[in-house]
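# Observations on the three-dimensional arrangement
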Amino acid sequence: MEEIYEVFALKYADRNGRIRGDSFIFDDDHSSPHPMDYFIWVIRNGARTIVIDTGYDGAEATRRDRPILREPVEVLRDFGIDAGEVDTVIITHLHYDHAGTLDRFPNAVFHLQASEMAFATGPCMCHGALQMPYTAEHICDMVRKVYSGKVVFHDGDGSVAPGVEVAAIGGHSRGLQSVRVKTARGWLVLASDAAHFYENYLAGKPFPIVENLEAMYQGFERIQELASAPELVIPGHDPLVCQMFPLIGAQGGAAIHRLDVAPIGDFAAAVERFRAAD
Ligand SMILES: [Zn+2]
Ligand SMILES: [Zn+2]
């Protein structure tokens, strides 16, 4: 039987001291402010709860001097989800802001691209710019999950549950996967870092952390093809997501927004300026 899901973005951090040059390569305006939000996501129905990415915790925030508003597992708890009871987690890629706190999910099986694991443990990590977004301890935690039988590896596109698919995108990291989920409004795509911002894919402007530029451009096309409507593509770090979709809960600076419902306000007008810049 076909299953459909509700989809939620849980914002646990933001970083407001950034500029456009941090978000777009080859952009004429590189010095204007360009803030970024950090999310994990939850998809659920009566039968299943699936967590997508696990975020980074206070210790990592201190190490990187990138404060968080609230621990990701606390935001999950605000939402009524005990991380200790979660049985399925999809890790879109192993960057520090997506794959920390794995030990807080002792009963979960983790869905990961095999190529991401190879990338994060292989020779590319000898190079500073490629290694920078990864944290060795997070990768070691994932290796431990492999050894305890808690990782399901995908080699390309795959299925996680009825109505939940992973799409291998690459580009930003070697084994990046976006998540495609069936909702009452059609297929919704949680792009994660296949597109940090609406402007990345709508205006064809690559993000500066890139492993394969061609794959990143192909990903910009693919995430749009995989979604049933333009507003069903959800970029991974865009503060505009919080303006476009209704707030259903907030605590300690963190915020939960529902994504599988009609945008509030005029979505087309809000994003048209990016398309026009293409
Ligand atoms: Zn990333
Ligand atoms: Zn990210």
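Just so it is clear, the model here is predicted, and its values are computed rather than measured.

Rules used throughout
- Residues numbered from 1 in each chain as written.
- Chains lettered and ligands numbered in written order.
- Predicted model: local features only at pLDDT ≥ 70, side-chain atom pairs only at ≥ 80, totals over all residues.
- Helix = DSSP H or I, 4+ residues; strand = E, 2+ residues; numbered from the N terminus.
- Rg over C-alpha atoms; globule rule 2.2 N^0.38 Å.
- Buried ≥ 20, exposed ≤ 12 C-beta atoms within 10 Å, placed from the backbone.
- Contact = placed C-beta atoms within 7 Å.
- Pairing = 2+ DSSP bridges.
- Axes fitted to C-alpha atoms, helices over the stretch in contact; angles between N-to-C directions.
- Core = buried A, V, L, I, M, F, W, Y, C linked by C-beta atoms within 7 Å.
- Expected span 1.5 Å × (residues − 1).
- Arc of directions from axis to C-beta.

## Here's the deal with the overall build of the protein chain
Secondary structure summary: the protein chain contains 9 helices and 13 strands in total. The C-alpha atoms of the protein chain give 17 Å as radius of gyration, which agrees with the globular expectation for 278 residues (19 Å, within 12%). On the principal axes, the C-alpha backbone points of the protein chain span a range of 50 × 45 × 35 Å. Of all 278 residues assigned to the protein chain, the portion counted as buried reaches 47%. Relative to all contacts within the protein chain whose residues are 6 or more apart in sequence, the contacts with residues 24 or more apart total 65%.

## Observations regarding the sheet that holds strand 10 (residues 186-192)
Strands sit in the order 7-8-9-10-11 across an open sheet of 5 strands; the sheet is mixed. What marks the edges here is a single partner per strand, and that holds for strand 7 (158-161) and strand 11 (233-235). Here the strands of the sheet are splayed against their neighbours by 25° on average, with no regard to which way each runs. The pairing of strand 10 with strand 11 spans 3 bridges and is classified as parallel. For serine 192, the partnering residue across the bridge sits in strand 11 and is proline 235. Contacting strand 8 (164-168), strand 9 (177-183), strand 10 and strand 11, helix 7 (residues 213-226) crosses the sheet at an angle of about 155° to strand 10.

## Side note on the sheet that holds strand 4 (residues 88-90)
Read from one edge to the other, the open sheet built from 8 strands follows the order 6-5-4-3-2-1-13-12, with strand pairing classed as mixed. Pairing within the sheet leaves two strands with one partner each, and these edge strands are strand 6 (151-154) and strand 12 (247-251). The mean inter-strand angle of the sheet, taken between neighbouring strand axes irrespective of direction, is 25°. Summarising the sheet, strand 1 (residues 6-15) and strand 13 (residues 254-258) pair through 4 bridges and their orientation is antiparallel. Residue pairing in the sheet places alanine 9 in a bridge with histidine 257 of strand 13. Along the sheet, helix 3 (residues 114-121) makes contact with strand 5 (109-113) and strand 6, crossing strand 5 at roughly 80°.

## Quick notes on the environment of tryptophan 41
Its location among the elements puts tryptophan 41 in strand 2 (residues 36-44). A sequence separation of 195 residues divides tryptophan 41 from glycine 236, and the C-alpha atoms of the two residues are 9.7 Å apart. The residues contacting tryptophan 41, other than those within four sequence positions of it, are Val7, Phe8, Ala9, Leu10, Ile52, Asp53 and Leu190.

## Section: the environment of glutamate 85
Inspection of the secondary structure assignment puts glutamate 85 in the loop between helix 2 (72-78) and strand 4. In this structure the C-alpha to C-alpha distance between glutamate 85 and glutamate 199, which are 114 residues apart in sequence, comes to 36 Å.

## A closer look at helix 3
Along helix 3, the residues classified as buried are Ser115, Glu116, Met117, Phe119 and Ala120. Buried positions along helix 3 lie against strand 5 and helix 5 (136-147).

## What to know about unusual backbone geometry
Of note in this structure, phenylalanine 26 is not a glycine but carries a positive phi near 60°. Along the chain, the position of phenylalanine 26 falls in the loop between strand 1 and strand 2. Here phenylalanine 26 falls in the exposed class, since 9 other C-beta atoms lie within 10 Å of it.

## Some thoughts on the nonpolar core
By size, the foremost hydrophobic cluster in this structure holds 75 residues, and its most contacted members are Leu10, Trp41, Val189 and Ile223. Once you skip the residues sitting within four places of it in the chain, valine 189 turns out to touch Ser178, Arg180, Ile223, Leu226, Ala227, Leu232, Val233 and Ile234.

## Describing helix 5
End to end, helix 5 covers 17 Å across 12 residues, agreeing with the expected 16 Å (1.5 Å per residue, within 8%). Turning to helix 5, its buried residues number three or more, namely His138, Met142 and Lys145. An end-on view of helix 5 places all buried positions within 50° of arc, on one side of the element. Residues of helix 5 that are exposed and point more than 90 degrees away from the buried face comprise Ala136, Cys140 and Tyr147. The secondary structure elements touched by the buried residues of helix 5 are strand 5, helix 3 and strand 6. In the segment just after helix 5, glycine 149 is the residue with positive phi, at about 75°.

## Some remarks on the pairing of strand 12
Within a regular strand, the side chains alternate between the two sheet faces. Sheet topology places strand 12 next to strand 13; 4 bridges connect them, and they run antiparallel. Residue pairing across strands places glutamine 251 opposite alanine 254, the latter belonging to strand 13. Taking the residues that link successive antiparallel strands as the turn, the strand 12-strand 13 hairpin has 2 residues, and the phi of glycine 252 there is positive, at about 55°.

Just distances and angles here, no functional claims.
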